[in-house]
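# Structural characterization, general
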Amino acid sequence: MRRSLRDHLSAVARIARWEVERSAGVLDRRTAILTVVALLLAGTVVGAGVLAGGVALDRDIYRVGVAEDSPYRTPVERSVALEARPPDPEALRGGELEVLVGDGTVRIADTPKGRAALSEFRSAVRAYNVGLMQSQENGSAAFPVVVVLQYVSRSSGLPEGATVDDGDGSGGGGAGAGSGSVGDGSGGAADGGADEADSDGDAGSSGPLGVPALGGINPLGTDTSGSPAEISPPFPFGSLVLAFGFLVPMNFVVQAYGSTMLNERINRRGELLLVAPVSPGDIVAGKTLPYLGAMVALTALVALGVGGSLVSVAAVLPIALVFLAATFAGAMFARSFKELTFVTVTVSVFLTAYTFVPAIFANVTPIALISPLTIVVRDLQPFQSVTPGAFLFATAPFALCAGILFLLGIGIYREEDLFTQRSVPLKLLDALDARVSRPRDVAVVSGLSIPFVFVAELLAVAVLFALPVSITIPLVLVVVALVEEVAKSLHIFAAFESGRFDRTRRVALVLGALSGLGFFVGEKFTAVAQVVGLPELALGQAAFATSGIGVFSALGLLFAPLVLHVVTAGLTALGARRDLRWYAVAFVGSVLLHTAYNLTVVSRFG
């Protein structure tokens, strides 16, 4: 008897209510209070550090001897890294001072720290002088030279109409502009001493956490103005710290979620739900819904606190789904709470690193868009916009991976897997086999593996991005071949191991052909990578050119990847029909053949 959608939703809601009541009963008042206090303290510390500028690792690290009436006293006191002390020559010789400011002279300790202190002192004086000049009414007199700065792609030429103007800085448009000069300034510390202290040293003012502030410089298309001495490479440090606040609460939620899912397997506690007139999908959805709701609520609160919009919440939601899905699959595979802890910690570390590290380059390269957290960083920065293509590129693979992980876990949400102590590899094979009941399912599973393949290839591109192209292109081609051959063959091996299909040569070739076809069709969806310009990079071209995207002009060559996938999948299927050893040998042969094809395509058409 088929159940209606209303019946499914009713069952999910009922199980979700039971899960909330059970979790509330397990969580005692003391634990709840401590958890809330810990979250509040963490939020207070981060908020104070980022918004109020109260955290700096290099605070008062250099000691400067300067008189109270010296024009340099104010710049020293305003610098985070400098500490003003009485000007005592004996203190300089005794190592109690790094810099001593006298009448027209600046002396330093003959040590590496002394030279570093001098550089910081010069930067502080320069920043103070720039601030004085910016406060003047006659801006063109304070800054007679204007520099218009525009960030462009390395593959592009000089922007049309780029000029160097003088005067009031009205000429020239661009992504970022700055103006500055070397002059005697006016008043205060600018008299005399500014020129001496401004000869060299690092430029840039300190941001809230002691890092160079952007000063309005935006490489993605916003006009700004400022001193050239203040221009620093784009690095959205503050936005990154705030974005990281979205990830921290997720680790608390997934720990509780993993425990409740594994609890169903202890002493056969989940058997009552299994015999109830509800599907495994309803059970998993009902038990997951409260934790997903908690993540959404926490994300919305963080977004409200840091000034994010609905874009930030929508971008973080796929990350939350992957956290939950990976934890659910781990709870289905793990044999004990100790093993589950290892799985959840590994998942948390990997996903946190995968989402956080690429976002560091949010303003530099399209590779950053492999992480949904980049969308959050751009949403938190002023004058930034997120295109629908970039949003889809960053979030769709995560959402698809989450859905597929849930499907794999639901496949083994049954008595023969829940209450047995099978190893993790065997559980993985069971999960894959549960999704293959007919030959055509082989093609479907191959197509569904594309999100994982896409994420793995993007990760390889991001990891190898900084190395020389001559080294990284061959490496990334090997990684592409390795990942794709695993995706096309592992479920075929699982089906043969479970006795799902006859171990004949004809059946193996048919399954290989279907797997190659399904993978080829799913592979075409990776064309979304072109939306964000990833193939403009050398590694992007190498990774995606081999799939026939944007490379082959002839129709016959367009289907060359189909022939490759069918041949290599058929080869691994022939090995998989026998045993694990023959499967491994056939797999190595398929990877070598695939790599040779990739090298040929990139060398001739890439």
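How each quantity is defined
- Residues numbered from 1 in each chain as written.
- Predicted model: local features only at pLDDT ≥ 70, side-chain atom pairs only at ≥ 80, totals over all residues.
- Heavy atoms only, no water.
- Helix = DSSP H or I, 4+ residues; strand = E, 2+ residues; numbered from the N terminus.
- Buried < 20%, exposed > 50% of the residue type's maximum accessible area, 1.4 Å probe, protein only.
- Areas by Shrake-Rupley, 256 points an atom, 1.4 Å probe, with all protein chains shown as cover.
- Pairing = 2+ DSSP bridges.
- Axes fitted to C-alpha atoms, helices over the stretch in contact; angles between N-to-C directions.
- Expected span 1.5 Å × (residues − 1).
- Salt bridge = Lys/Arg side-chain N within 4 Å of Asp/Glu carboxyl O.
- Polar contact = N/O pair within 3.5 Å; in protein donor to acceptor, adjacent residues only side chain to side chain.
- Patch = residues over 30% accessible without salt bridge, like charges linked within 9 Å, V, L, I, M, F, W, Y side chains within 5 Å.
- Phe/Tyr/Trp six-rings, centres within 6.5 Å; stacked < 30°, edge-to-face > 60°.
- Bend = angle between axes of the 7 residues up to and from the residue.
- Contact = heavy atoms within 4.5 Å.
- Parallel < 35°, antiparallel > 145°, perpendicular 65-115°, else oblique.
- Left-handed = near helix turned anticlockwise from the far one by under 90°.
- Nonpolar A, V, L, I, M, F, W, Y, C, P; charged D, E, K, R; others polar.
- pLDDT = per-residue confidence, 0-100.

### Some details on the overall build of the protein chain
Across its full length, the protein chain holds 24 helices and seven strands. When the 606 residues of the protein chain are sorted by exposure, 44% land in the buried category. Accessible area of the protein chain: about 29,200 Å², with a carbon and sulfur share of 64%.

### What to know about the sheet that holds strand E2 (residues 82-85)
Spatially, the four strands line up as an open sheet ordered E2-E1-E3-E4, and their pairing is mixed. The sheet terminates laterally at E2 and strand E4 (106-108), the two strands that pair on one side only. Adjacent strand axes in the sheet meet at a mean angle of 25 degrees, parallel and antiparallel pairs treated alike. Inspection of the sheet shows strand E1 (residues 62-65) paired to E2 by four bridges, in the parallel sense. Following the sheet pairing, Tyr 62 is matched in E2 by Leu 82.

### Some points on helix H18 (residues 450-464)
An α-helical turn contains 3.6 residues, so any two residues separated by three or four positions project in the same direction. The first and last C-alpha atoms of H18 sit 21 Å apart over 15 residues, in line with the 21 Å expected at 1.5 Å per residue. Residues Ile 450, Pro 451, Val 453, Phe 454, Val 455, Glu 457, Leu 458, Ala 460, Val 461 and Leu 464 constitute the buried set of H18.

### Quick notes on the pattern of salt bridges
One pass over the structure, following the stated rule, counts 14 salt bridges. Residue Arg 73 is joined to Glu 77 by a salt bridge in which the shortest nitrogen-to-oxygen separation is 2.9 Å. In this pair, Arg 73 and Glu 77 both sit in helix H3 (residues 73-78), four residues apart, roughly one turn of the helix. For Arg 73, a relative accessible area of 12% corresponds to the buried category.

### Concerning the side chain of Glu 264
With respect to the helices and strands, the residue Glu 264 is situated in the loop between helix H8 (237-263) and helix H9 (271-275). A distance of 3.3 Å separates polar atoms of two side chains, one belonging to Glu 264 and the other to Lys 287.

### A closer look at a nonpolar patch on the surface
A cluster of nonpolar side chains, namely Leu 407, Val 444 and Leu 448, defines an oily patch on the protein surface of about 230 Å² accessible area. Position of Val 444 among the secondary structure elements: in helix H17 (residues 439-448). Residue classification places Val 444 among the partly exposed residues on the basis of a relative accessible area of 47%.

### Some words on the packing of aromatic side chains
Under the criterion given, the structure shown has five aromatic pairs. Between the aromatic rings of Tyr 72 and Phe 121, the centroid separation amounts to 5.6 Å while the plane-to-plane angle is 45 degrees, which identifies the pairing as tilted. Of the two residues, Tyr 72 sits in the loop between E1 and H3 while Phe 121 sits in helix H5 (residues 112-134), which places them 49 residues apart along the sequence. Per residue, the accessibility class of Tyr 72 equals that of Phe 121, and both read buried. Taken together, a centroid distance of 4.8 Å and an interplanar angle of 15 degrees make the contact between Phe 493 and Tyr 583 stacked. One end of the pair, Phe 493, is in helix H19 (residues 469-497); the other, Tyr 583, is in helix H24 (residues 580-605), and 90 residues separate them in sequence. Taking relative accessible area as the criterion, Phe 493 reaches 5% and is therefore assigned buried. Cluster of aromatic residues (ring-pair linked, three or more members): Phe 493, Tyr 583 and Phe 587.

### Comments concerning H19
A rise of 1.5 Å per residue sets the reference length of H19, with its 29 residues, at 42 Å; its end C-alpha atoms lie 41 Å apart and thus fit the reference within 8%. Its axis deflected by about 30 degrees at Ser 489, H19 carries its strongest bend there. Count one or two residues on from H19 and you reach Gly 499, which has phi positive near 75 degrees.

### Some words on the side chain of Ser 312
Considering the arrangement of structural elements, one finds Ser 312 in helix H11 (residues 310-333). Judged by relative accessible area, Ser 312 falls into the buried class, the value being 0%. Excluding its chain neighbours within four sequence positions, the residues that come into contact with Ser 312 are Phe 246, Val 376 and Asp 379.

### Examining the packing of H11 against helix H14 (residues 388-411)
When two helices pack together, their arrangement is captured by the angle between the axes and the distance separating the axes. H14 packs onto H11 with a crossing angle of 25 degrees between their chain directions and a minimal axis gap of 8 Å. The orientation of H11 relative to H14 falls into the category roughly parallel. Between H11 and H14 the crossing geometry is left-handed. Tallied by class, the residues present in the contact of H11 with H14 amount to 20 nonpolar, two polar and no charged.

### Comments concerning the pairing of E1
Neither face of E1 is left uncovered, since the one carrying Tyr 62 and Val 64 and the one carrying Arg 63 and Gly 65 both have all their residues buried. Relative to strand E3 (residues 99-101), E1 is paired through two bridges, and the arrangement is parallel. Looking at E3, one finds that Gly 65 is bridged to Leu 100.

### Considerations on the environment of Ala 495
Residue position: Ala 495 is located in helix H19. On the basis of relative accessible area, Ala 495 is assigned to the buried category, the value being 0%. Along the chain, Ala 495 and Arg 438 lie 57 residues apart, while their C-alpha atoms are 9.9 Å from each other. With near-sequence residues (within four places) excluded, Ala 495 lies in contact with Asp 433, Val 436, Arg 500 and Phe 501.

### Focus on the environment of Ser 590
Its place among the elements puts Ser 590 in helix H24. You can call Ser 590 buried: its relative accessible area is 0%. Sequence separation between Ser 590 and Ala 569 is 21 residues, and the spatial gap between their C-alpha atoms is 7.6 Å. A polar contact of 3.1 Å, which involves the side chain of Ser 590, links it to the backbone oxygen of Thr 568.

### Details of the confidence of the model for the protein chain
Per-residue confidence for the protein chain gives a mean pLDDT of 73; residues scoring 70 or more make up 68%. Scored below 50 in pLDDT, residues 529-543 shows 46 contacts in the model against residues more than four places distant or in partner chains. Note on residues 549-556: pLDDT is under 50 here. Beyond four places in sequence and across chains, it has 15 contacts.

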